[in-house]
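Now for the letters of each chain:
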Amino acid sequence: MYESYYGLSDKPFKLSPDPQFFFESAHHSKAISYLRYGLELGEGFIVVTGPIGTGKTTIARSLIVSLDESITAAQIATTRLNPEQLVTMVAANFGLQVEGLNKADILRRLENYFFALYQQGKRALLIIDEAQNLSAETIEELRMLSNFQADGKPLIQSFLLGQEELKPIIELPEMEQFRQRIIASCHLKSFNIDETKNYILHRLRTVGWNENPSLDSDIFDLITNYTGGIPRKINIFMDRLFLYAFMEGIGTITLDHIQSIIEELGEELSGGLKARRPEPTAFSPLGIKAQEMMPDVHIPDMDRAHRTLMDVMKVLDEEIYRKTMTLKNLDKMIVKKRNELSQVSEPSFLDNTYRKK
Ligand SMILES: Nc1ncnc2c1ncn2[C@@H]1O[C@H](COP(=O)(O)OP(=O)(O)OP(=O)(O)O)[C@@H](O)[C@H]1O
Ligand SMILES: [Mg+2]
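Keep in mind the model is a prediction, meaning the values are calculated, not measured. (Residues numbered from 1 in each chain as written. Chains lettered and ligands numbered in written order. Predicted model: local features only at pLDDT ≥ 70, side-chain atom pairs only at ≥ 80, totals over all residues.)

Draft legend 1. Just the sheet that holds strand β2 (residues 71–77), in detail. Strand order in this open sheet of five strands is β2-β3-β6-β1-β7, and the pairing throughout is parallel. Of all strands in the sheet, those with a lone pairing partner are β2 and β7 (182–187), marking the two edges. Geometrically, the sheet is characterised by an average inter-axis angle of 15° between neighbouring strands, direction not taken into account. Pairing geometry for strand β1 (residues 45–49) and strand β6 (residues 156–162), over four bridges, is parallel. What sits directly across from V48, in β6, is L161. Across the sheet, helix α2 (residues 26–41) touches β1, β2, β6 and β7, and the angle it forms with β7 is around 170°. Along the sheet, helix α3 (residues 56–65) makes contact with β1, β2, β3 (123–129) and β6, crossing β3 at roughly 160°. (Pairing = 2+ DSSP bridges. Helix = DSSP H or I, 4+ residues; strand = E, 2+ residues; numbered from the N terminus. Axes fitted to C-alpha atoms, helices over the stretch in contact; angles between N-to-C directions. Contact = placed C-beta atoms within 7 Å.)

And the structure:
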């Protein structure tokens, strides 16, 4: 809504993990470099962990869009999967027909598929997001998948991205074999003040921001403090701030405006709003929760629904924008009329006064 008012080409602080906005902070670049290094080696596991909302899914998306044709990638966002469900989902995500097959059959089909890719000079890459929800047993199944080999090289490679709870799972004594196959791991951290500032400016410049509204240099300290330097929280905060600036017709955002938004949001971002997601409730016949059956990519229906929702949001945004502009114009007209009236009434008042004299 505010984007047209400030001449921006898109919403700068969207909540979707959009690679177009990817900001290479030190930690994010390190994570991406490790993943690329892993791809070059073509073997072993890479683990990226980080607190909620720090950019794990964004990293996965950014990596996927940068892959060339030699890599066939599938991405799974898991909730809780047992080993059999994992194998089923992996196969389905690589586009294999697995209905009615038992685990051994699915594994055979997967191996044949990976080998066919290998013969075409391609490699399979599996990206598991939300990996903190996997049990040790399911992670062990992943390790078994990496045992499919040709010429001594694994036919499939896996990257695991997950919240901090993933670390203690990997550290369990029974995970020793898996641990020995991890070639790199890194941990994302929240932004410090400089990174928060650069992140905000980066997102704004991506949509053609021309210092309108301009941002006072002393606002970033408080923004970092309030949002904890968590990118998702920064986005929510900045979106609210820009909406406020637009409503008030503000040309320069100052510390006072930041204070106002903090008062408005209260505890929402500093404590309460922790990016919690509702637990899935619907169950499929296979016993896989609905969310588990929805990988992040390659699902045309989901993409279509998402696009429709985005379109509806855009129309609503434009409508609100039009209405707000109408209200603003009405306000201006009222002020103008008042001025005109006072100019008209003053001389007549004076006339009357003089006439009385
Ligand atoms: N490096 C980055 N560059 C640009 N935007 C980012 C970056 N990191 C995070 N974001 C933004 O922050 C928000 C949260 O990112 P993302 O969904 O990737 O976090 P996450 O770590 O996967 O969260 P969760 O733990 O809830 O799965 C998104 O709006 C995303 O666009
Ligand atoms: Mg995520």
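Draft legend 2. Fine view of unusual backbone geometry. In the segment running from N212 into P213, the intervening peptide bond is cis, with an omega of 5°. One can find P213 in the loop between α9 (193–206) and β8 (214–215). Phi angles above zero are rare outside glycine, and E130 is one such case at about 55°. In this structure, E130 sits in the loop between β3 and α6 (136–145). Phi is positive for E211, which is not a glycine, with a value near 60°.

Draft legend 3. Quick look at the pairing of β3. Burial within β3 is extensive, with seven of its seven residues counted as buried. With seven bridges joining them, β2 and β3 adopt parallel strand pairing. Pairing of A77 across the sheet is with D129, part of β3. Judged from the five bridges that link them, β3 and β6 form a sheet pairing that is parallel. By the bridge assignment for β6, I127 is matched with F159. (Buried ≥ 20, exposed ≤ 12 C-beta atoms within 10 Å, placed from the backbone.)

Draft legend 4. Region of interest: the confidence of the model for the protein. Residue-level pLDDT values for the protein average 84, and 83% of them are 70 or greater. Every residue in residues 272–300 scores below 50 in pLDDT, and together they form 35 contacts with partners more than four places removed in sequence or on other chains. Across residues 353–357, where pLDDT falls below 50, the model places zero contacts with residues more than four positions away in sequence or in other chains. (pLDDT = per-residue confidence, 0-100.)

Draft legend 5. Focus on the site of ligand 1. In the neighbourhood of ligand 1, 21 residues make up the surrounding shell, with F23, G55, T57, T58 and P231 lying closest. Mapped by element, the contributors of at least two residues to the shell around ligand 1 are α3 and α11 (231–247). Broken down by class, the residue content of the shell around ligand 1 amounts to eight nonpolar, 10 polar and three charged. For the shell around ligand 1, the domains that each give at least three residues are domain 1 (1–11 + 192–270) and domain 2 (26–187). (Near = placed C-beta within 6 Å. Nonpolar A, V, L, I, M, F, W, Y, C, P; charged D, E, K, R; others polar. Domains from an automatic or database assignment.)

Draft legend 6. Representation of the environment of R179 within the structure. By the secondary structure assignment, R179 is in helix α8 (residues 176–179). Taking the C-beta count within 10 Å as the criterion, R179 has 15 such neighbours and is therefore assigned partly exposed. The spatial distance from the C-alpha of R179 to the C-alpha of R143 is 9.8 Å, given a sequence separation of 36 residues.

Draft legend 7. The arrangement of the packing of helix α10 (residues 220–227) against α11 in detail. Between α10 and α11, whose axes approach to 9 Å, the crossing angle comes to 125°. If you check the angle between α10 and α11, you find them oblique. In terms of crossing hand, the pair formed by α10 and α11 is right-handed. Between α10, through I223, Y226 and T227, and α11, the contact on the second element is made entirely by K233, I234 and F237. Here the contact of α10 with α11 is built from residues that sort into four nonpolar, one polar and one charged. (Parallel < 35°, antiparallel > 145°, perpendicular 65-115°, else oblique. Left-handed = near helix turned anticlockwise from the far one by under 90°.)

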